[in-house]
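An overview of the molecular structure
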Amino acid sequence: MPADSDSFDYNAALHDCALGDEHALKRIYLQDSKRLLGVALRIVRERHLAEDVVHDAFVSIWNKAASFDATRGEGRGWIYSVVRHQALNMLRDRDREVYADEEAIDNMQQQNEELIVDQFELNASLGQLQDCLSHLDGAKRNSILCAYVDGCSHSEIAQRLNAPLGSVKAWVKRGLAALRECMG
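What you see is a predicted model, and the numbers here were worked out from it, not measured in a lab. (Residues numbered from 1 in each chain as written. Predicted model: local features only at pLDDT ≥ 70, side-chain atom pairs only at ≥ 80, totals over all residues. Heavy atoms only, no water.)

1. Structural notes on the pattern of salt bridges
Selection criterion: Any Lys or Arg side-chain nitrogen located within 4 Å of an Asp or Glu carboxyl oxygen qualifies as a salt bridge. For the purposes of this entry, the term helix denotes a DSSP run of H or I that reaches at least four residues, the term strand denotes a run of E that reaches at least two, and both are numbered from the N terminus. With a 1.4 Å probe rolled over the protein chains alone, any residue whose accessible area is under 20% of its type maximum counts as buried; one over 50% counts as exposed, and the rest are partly exposed.
Within the structure shown, the criterion is met by five salt bridges. A salt bridge links Arg27 to Asp16; the nearest nitrogen and oxygen atoms lie 3.2 Å apart. Taken together, the residues Arg27 in helix H2 (residues 22–44) and Asp16 in helix H1 (residues 10–18) connect sequence positions eleven residues apart. Its relative accessible area of 34% is what places Arg27 among the partly exposed residues.

Dropping the structure here:
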């Protein structure tokens with residue numbers, strides 16, 4: 001039966017864990033496992049995950065008990081923070097997991113095959129685009145590249161090229177028309 005948490009010496013139990021005393025870890029478990037499960041459950045929201053969190057936290061407590069420093073805080077707080085961090089880490093790890101069924105995998109493979117074909121066509125188009133861009137005068141070419149490669153607004157292009165805003169708008173419009181005709 002767990003001792004009253006006011007009289008339980010968490011610091012001593014952690015010190016004993018650091019010395020390799022398995023009974024000390026058992027005492028901590030018997031003392032606070034239910035409350036620690038509650039902490040984990042509030043964070044991960046599923047009992048089976050909370051149980052995994054508490055298990056992994058106790059492994060961590062056992063392995064890291066020597067790093068506990070009583071001058072920096074109470075043992076009970078340290079134990080609860082280990083559980084809390086374990087639960088938060090589990091949530092972060094679960095957010096990174098991607099589940100896919102067979103149909104989704106097949107769709108991804110088909111899209112990859114289409115991308116390979118598209119990449120070949122894109123390379124051919126880029127060669128043509130580069131040729132068409134080389135036929136534009138410098139102001140039109142630079143305006144279009146600033147707009148579509150660098151993502152600049154008309155006013156940002158005007159600042160970069162030190163040109164009037166109206167001229168930049170005209171260069172972009174005329175340059176795009178010339179590119180459409182060339183790529184035609």
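Don't stop here, the text continues.
2. Side note on the nonpolar core
Note the following rule: Note on terminology: a nonpolar core comprises buried Ala, Val, Leu, Ile, Met, Phe, Trp, Tyr and Cys residues joined through side-chain atoms within 4.5 Å. By definition, residues are in contact when any of their heavy atoms lie within 4.5 Å.
Counting residues in each nonpolar core, the largest one holds 29 residues, and the members touching the most others are Ile28, Ile61 and Ile79. Elements that contribute at least two residues to this core include exactly H1, H2, helix H3 (47–64) and helix H4 (75–96). Once residues within four sequence positions are removed from consideration, Ile79 is found in contact with Tyr10, Leu14, Ile28, Leu36 and Ile61. Residues Cys146, Ala147, Cys152 and Ile157 belong to the second largest nonpolar core, which totals 14 residues.

3. Describing helix H6 (residues 138–148)
Note the following rule: In this description, the arc belongs to the directions extending from the helix axis to the C-beta atoms.
Restricting attention to buried positions, one finds in H6 the residues Ser143, Ile144, Cys146 and Ala147. End-on view of H6: buried residues confined to an arc of 165°, all on one side of the axis. On its buried side, H6 packs onto helix H7 (154–161) and helix H8 (165–183).

4. Topic: the state of the cysteines
Test applied: To count as a disulfide, a pair of cysteine sulfur atoms needs to be within 2.5 Å.
Scanning the model with the defined rule gives one disulfide in all. Sulfur-sulfur distance for the disulfide between Cys132 and Cys182 comes to 1.9 Å. Handedness of the Cys132-Cys182 disulfide follows from its S-S torsion of about -80°: it is left-handed. Taken together, the residues span a long stretch of sequence, with Cys132 in helix H5 (residues 102–134) and Cys182 in helix H8 at a distance of 50 residues. Judged by relative accessible area, Cys132 falls into the buried class, the value being 3%. The class for Cys182 is partly exposed, based on a relative accessible area of 35%.

5. Observations regarding unusual backbone geometry
Of note, Arg45 is a non-glycine position whose phi angle comes to about 70°, a positive value. For Arg45, the location among the structural elements is in the loop between H2 and H3. Within the chain, Asn162 stands out as a residue other than glycine whose phi angle is a positive 50°. The residue Asn162 is located in the loop between H7 and H8 in this model. Owing to a relative accessible area of 72%, Asn162 belongs among the exposed residues under this scheme.

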